[in-house]
Amino acid sequence: MHCVSRKYSVMMVSFCQGALLLSLAAAMAVYADMKVDCGPDFVTLMWTESRPQADTSLLRLGNCFPTSFSAGEAYFYVDLTDCNFRRLVTGDALVYSNDLTYVASADSYNLAFTHPVVCAYERPKDWYATIYDPVFKTYSLGDLQFNIGLMNDDFSGPAESTRFPLGSIIPIMASVVQETHQLLLLLLEECVAATTPELYPESTMYPIISNKGCLLESVSSRSKFEPRQKSSEIRLSLQTFTFAMGEAVFIHCKLLAWDPNGLDSTKKACHFVEGHGWELLDNLAQSNLCDCCESKCKSRRQRSVASEKHGMLHKAVIGPFTITDVNS
């Protein structure tokens, strides 16, 4: 069943396949028409532009380019798991949200704009939150599948909210699903917070994990790595920090799947424990591997598994989420 769209001065409401789409119209909408179809696991969007000088190739849905475009139209056909769609489970609804943006060129007369797009589905009665639910960002690399996401307090399922008061704990879990590889240990080599889903040279960043696996935030907060349940998972309890308060925050991480017997100063998970100093998550007896967290953890000159055929290093993004003032 196709969407039936009605255009109003400030809102366009579309009903499609039992899904409700609410799209708050920007001022630019008076010059264009947007039709959206919320499919069971995909979204189609058609943007029809009346201004002849507008360049429809500059439209983006999340981080996706148009599937096709012409002088007056841009068409998107995308999966809900792509294009940085955000998923929120709330009450009886599964809500997917994204932004349609126009990136104006320097010599353009048209102003840049952002147009929110939200698809809300009735939550299936037999739906239960699981560790590998699609709420997680999933990345495939060779025969490895990486997952990362925000968790609830006991790490038993995805977070029910993406708003975290300052000082509270953000539970984060990453995992790697392996098919034919030998047993692998998952590590977080680097994580930084930013206000954009992609990192640019001019991006403002807040370091969380650096120096090849050192949890910097554990030095001055309650942040820590949690005991492992299995080698292919790593759990992080991250205390919220004063960065981009009230704004959308993304955490960019480098995930490393590694030989459990090959730990060294550049392949490790270290956090600072008050009264004890830096400790290695996986073997306290080898905590000397964390000594370089106060200086520079240097790579050894040897062949890296990460550079071999399938590769073991991958970049991933968590978010967006919001850090709120406890008094707000």
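For clarity, every value in this text was computed on a predicted model and none was experimentally measured.

Participant: Honestly, the overall build of the protein chain in this entry has me stumped. Any pointers?
Facilitator: In terms of helices and strands, the protein chain carries zero helices and 24 strands. Evaluated residue by residue, the protein chain yields a buried proportion of 48% over its 328 residues. For the protein chain, contacts bridging at least 24 residues in sequence account for 60% of all contacts bridging at least 6.

Participant: Any chance you could explain unusual backbone geometry here in plain terms?
Facilitator: Most peptide bonds take the trans configuration, and most residues that are not glycine carry a negative phi. Residue Pro320 follows Gly319 across a cis peptide bond; omega there is 10 degrees. Relative to the helices and strands, Pro320 resides in strand β24 (residues 313–324). Despite not being glycine, Asn84 shows a phi value in the positive range, around 65 degrees. Summarising the element assignment, Asn84 is placed in the loop between β8 (73–79) and β9 (86–90). Here Ala244, not a glycine, exhibits a phi torsion of approximately 50 degrees, which is positive. Tracing the backbone shows Ala244 in the loop between β20 (233–239) and β21 (248–258). A residue is classified by how much of its surface remains accessible, and Ala244, at 18% relative accessible area, is buried.

Participant: Could you clarify how one ought to interpret the state of the cysteines in this entry?
Facilitator: As used here, a disulfide is simply a covalent bond connecting the sulfur atoms of two cysteines. According to the stated counting rule, one finds six disulfides in the structure shown. Two residues share a disulfide in this structure: Cys64 and Cys83, whose sulfurs sit 2.0 Å from each other. Handedness here is read from the sign of the S-S torsion; for Cys64 and Cys83, about -95 degrees, the answer is left-handed. Of the two residues, Cys64 is situated in the loop between β6 (59–61) and β7 (68–69) and Cys83 in the loop between β8 and β9; the sequence distance between them amounts to 19 residues. Each member of the pair, Cys64 as well as Cys83, is classed as buried.

Participant: Got a minute to help me understand the environment of Met205 in this structure?
Facilitator: On the secondary structure map, Met205 appears in strand β17 (residues 205–210). Residue classification places Met205 among the partly exposed residues on the basis of a relative accessible area of 41%. Remark: the alpha-carbon pair of Met205 and Ala194, spanning 11 residues in sequence, is separated by 4.8 Å. If we skip the residues at most four places from it in the chain, Met205 touches Val192, Ala193, Ala194, Leu199 and Phe243.

Participant: I keep staring at the side chain of Arg60 and nothing clicks. Help me out?
Facilitator: Mapped onto the fold, Arg60 is located in strand β6. Of the side chains with opposite charge, Asp55 comes closest to the buried, unpaired Arg60, at an N-O distance of 7.9 Å. Separated by 2.6 Å, the side chain of Arg60 and the backbone oxygen of Ser57 make a polar contact. Every residue in contact with Arg60, bar those within four places of it in the chain, is listed here: Phe65, Pro66, Phe76, Asp99, Leu100, Thr101 and Val103.

Participant: Just to check I follow, could you spell out the pattern of salt bridges for this structure?
Facilitator: Side-chain pairs of opposite charge can arise where the charged atoms are in close proximity. For the structure shown, the criterion picks out four salt bridges. Lys212 is the salt-bridge partner of Glu189, the closest N and O atoms lying 3.9 Å from each other. Linking Glu189 in strand β16 (residues 185–194) with Lys212 in the loop between β17 and β18 (214–215), this pair joins segments that are 23 residues apart in sequence.

Participant: I would appreciate a short explanation of the sheet that holds strand β22 (residues 270–273) in the present structure.
Facilitator: Strand pairs in the sheet, formed through backbone hydrogen bonds, run parallel or antiparallel to each other. An order of β14-β24-β21-β16-β17-β18-β22-β23 is seen for the eight strands of this open sheet, with the pairing classed as mixed. Each edge of the sheet is formed by a strand with only one pairing partner; in this case those strands are β14 (163–165) and β23 (277–280). Pairing geometry for β22 and β23, over four bridges, is antiparallel. When the bridges of β23 are listed, Cys270 appears paired with Leu280.

Participant: What should I look at first to understand the nonpolar core in this one?
Facilitator: Soluble, globular proteins show a tendency: their nonpolar side chains are buried together. Ranked by internal contacts, the top residues of the largest apolar core, which has 51 residues, are Ile172, Leu188, Ile208, Phe225, Ile251 and Leu255. In terms of residue count, β21 provides more of this core than any other element does, seven residues in total. Ignoring sequence-local partners within four residues, the contact set of Leu255 consists of Phe146, Asn147, Ile148, Ala174, Leu186, Leu187, Leu188, Met312, Leu313, His314 and Ala316. Within the second largest apolar cluster, 24 residues are counted, among which are Ala54, Leu58, Cys64 and Phe113.

Definitions and cut-offs
Residues numbered from 1 in each chain as written. Predicted model: local features only at pLDDT ≥ 70, side-chain atom pairs only at ≥ 80, totals over all residues. Heavy atoms only, no water. Helix = DSSP H or I, 4+ residues; strand = E, 2+ residues; numbered from the N terminus. Buried < 20%, exposed > 50% of the residue type's maximum accessible area, 1.4 Å probe, protein only. Contact = heavy atoms within 4.5 Å. Disulfide = S-S within 2.5 Å. Lys, Arg positive; Asp, Glu negative; His and termini not counted. Salt bridge = Lys/Arg side-chain N within 4 Å of Asp/Glu carboxyl O. Polar contact = N/O pair within 3.5 Å; in protein donor to acceptor, adjacent residues only side chain to side chain. Pairing = 2+ DSSP bridges. Core = buried A, V, L, I, M, F, W, Y, C linked by side-chain atoms within 4.5 Å.

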